[in-house]
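Understanding the architecture of this molecule
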Amino acid sequence: MKKFLSVILASLVIAAAGCSGNEAAATTTTAAEATTTTVAETTEAATSEATTTEAETTTEAETTPEETEAAVDNPLMTDEVRAFIDAVKAEAPVYGDFLEKSSSLPVAMAFNQEADLMGDGQITTVYMEIGMASFDQFYVSTDSLGAPMDIIITDGKYYMVSAEEKTAIYMEMSAEEAAEMNESMTASVKASFDASAATYETGETEFKGATCYYEKIATDEMGEIEVYADPATKELKYVVSQGITMEVVFITDEIDASKLEIPADYTLIDMAEMMG
């Protein structure tokens, strides 16, 4: 059970937002990218404290109901993450915007990732798609080496879905297991590098046969992160870091609700009955 939950967590961390060197995540499903900044999630809201200065006196501003609701709706955006993203956006707006979008709920995103998964010098392209409506409603779909995997968590159950066999093996999640998963997600949300200590470079260059706008972020913690976008629209196309090239297929705040549902013609299999 714990191993299964850790696979889900790693999948989310991998697709998060930057390009992390998290070795465990890299070997779990696809070796993607991502700062441990986002989509590996928090649990409880992080309400921010605003300060206002009037005449020479600094007082703590009250949190409005709207701000409190926003924090509850988007618990990914902790004060730490917000400050990190703002610092990155000031120097690398395309990458910062990507971090911000992938740190918001709901979010759906898909990537094609090129990496040496087997360590034999052969580059493999892996497809990963993640959709998160909330902490207890999300899906992870991957296709690596012709082996698709679909995981759905919804209505207190997690499902391992096989489109080829039209089956969905499921298990009920206890309150303890759900809390453990949320705690693990919370622990993995952090800025992956010191944005104030990083150096930034922007301009235009050739990448994969096309002229692209680029941003290069050099960090002590993760080496260089390279971002390539459409030069006219600044739409993000690729993120490259630590030997991994990620093509951004899409990122949106709209969730395809059908991907959180088990098709009616699939056979449901209770894992508890299979094991005992």
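In this report, we go over the structure that sits alongside the text. (Residues numbered from 1 in each chain as written. Predicted model: local features only at pLDDT ≥ 70, side-chain atom pairs only at ≥ 80, totals over all residues. Heavy atoms only, no water.)

What the chain contains, in helices and strands, is 7 helices and 14 strands. For the chain, with 276 residues in total, the buried portion stands at 43%. Counting contacts in the chain only where the partners sit at least 6 residues apart, residues at least 24 apart contribute 54% of the total. Counting only carbon and sulfur atoms, one obtains 48% of the accessible surface of the chain, whose full area is about 13900 Å². (Helix = DSSP H or I, 4+ residues; strand = E, 2+ residues; numbered from the N terminus. Buried < 20%, exposed > 50% of the residue type's maximum accessible area, 1.4 Å probe, protein only. Contact = heavy atoms within 4.5 Å. Areas by Shrake-Rupley, 256 points an atom, 1.4 Å probe, with all protein chains shown as cover.)

Read from one edge to the other, the open sheet built from 12 strands follows the order E9-E10-E11-E12-E13-E3-E4-E5-E6-E7-E8-E14, with strand pairing classed as mixed. Strands with a single pairing partner mark the edges of an open sheet, and in this sheet they are strand E9 (199-207) and strand E14 (267-270). This sheet shows a mean twist of 20° between the axes of neighbouring strands, independent of strand direction. Bridge count for strand E8 (residues 167-172) against E14 is 4 bridges, and the pairing is parallel. By the bridge assignment for E14, isoleucine 169 is matched with isoleucine 269. Its contacts with the sheet place helix H5 (residues 93-102) against strand E3 (107-115), strand E10 (210-219), strand E11 (223-229), strand E12 (236-241) and strand E13 (244-252), and it is angled at close to 75° to E10. (Pairing = 2+ DSSP bridges. Axes fitted to C-alpha atoms, helices over the stretch in contact; angles between N-to-C directions.)

Right, let's talk about the nonpolar core for a bit. Residues Val88, Tyr95, Phe193, Ile217 and Ile225 are the most contacted members of the largest nonpolar core, which totals 40 residues. One finds Tyr159, Ala168, Tyr170 and Leu260 within the second-largest nonpolar core, a separate group that totals 9 residues. (Core = buried A, V, L, I, M, F, W, Y, C linked by side-chain atoms within 4.5 Å.)

We now examine the pattern of salt bridges. Once the charged atoms of two side chains with opposite charge are near each other, the side chains can pair. Counting across every chain of the model gives 9 salt bridges. Ionic pairing is found between arginine 82 and aspartate 86, a salt bridge with its closest N-O pair at 2.8 Å. Of this pair, arginine 82 and aspartate 86 both sit in helix H4 (residues 79-91), separated by 4 residues, roughly a single helical turn. For aspartate 86, a relative accessible area of 40% corresponds to the partly exposed category. Between glutamate 114 and lysine 208 there is a salt bridge; the shortest N-O distance is 3.6 Å. Highlighted residues: glutamate 114 in strand E3 and lysine 208 in the loop between E9 and E10, separated in sequence by 94 residues. Take glutamate 114: its relative accessible area is 28%, and that puts it in the partly exposed class. Connected through salt bridges with shared partners, the residues Arg82, Asp86, Lys89 and Glu100 form a single ionic network. (Salt bridge = Lys/Arg side-chain N within 4 Å of Asp/Glu carboxyl O.)

Let's shift gears to the packing of aromatic side chains. Taken as a whole, this structure holds 5 aromatic pairs when the rule is applied. Seen in terms of ring centroids, phenylalanine 84 and phenylalanine 193 are 5.0 Å apart; in terms of plane orientation they differ by 75°. Their pairing is edge-to-face. Highlighted residues: phenylalanine 84 in helix H4 and phenylalanine 193 in the loop between helix H6 (175-187) and E9, separated in sequence by 109 residues. Of the two residues, phenylalanine 84 and phenylalanine 193, both sit in the buried class. The interplanar angle of 45° and the centroid separation of 5.8 Å between the aromatic rings of tyrosine 159 and tyrosine 170 together place this pair among those described as tilted. On the criterion of sequence distance, the pair formed by tyrosine 159 in strand E7 (residues 157-162) and tyrosine 170 in strand E8 is long-range, its members being 11 residues apart. As far as the burial class goes, tyrosine 159 and tyrosine 170 line up, both buried. Among the aromatic residues, those joined into a cluster by ring pairs are Phe207, Tyr228 and Tyr238. Above the ring of tyrosine 213, the side-chain terminus of lysine 234 is found at 4.9 Å from the ring centroid. (Phe/Tyr/Trp six-rings, centres within 6.5 Å; stacked < 30°, edge-to-face > 60°. Lys NZ or Arg CZ within 6 Å of the ring centre and 35° of its normal.)

What follows deals with H5. Because the α-helix completes a turn every 3.6 residues, residues three or four places apart line up on one side. When H5 is considered as a whole, its buried residues turn out to be Val94, Tyr95, Gly96, Phe98, Leu99 and Ser102. In this fold, the buried residues of H5 make contact with H4, E3, E10, E11, E12 and E13.

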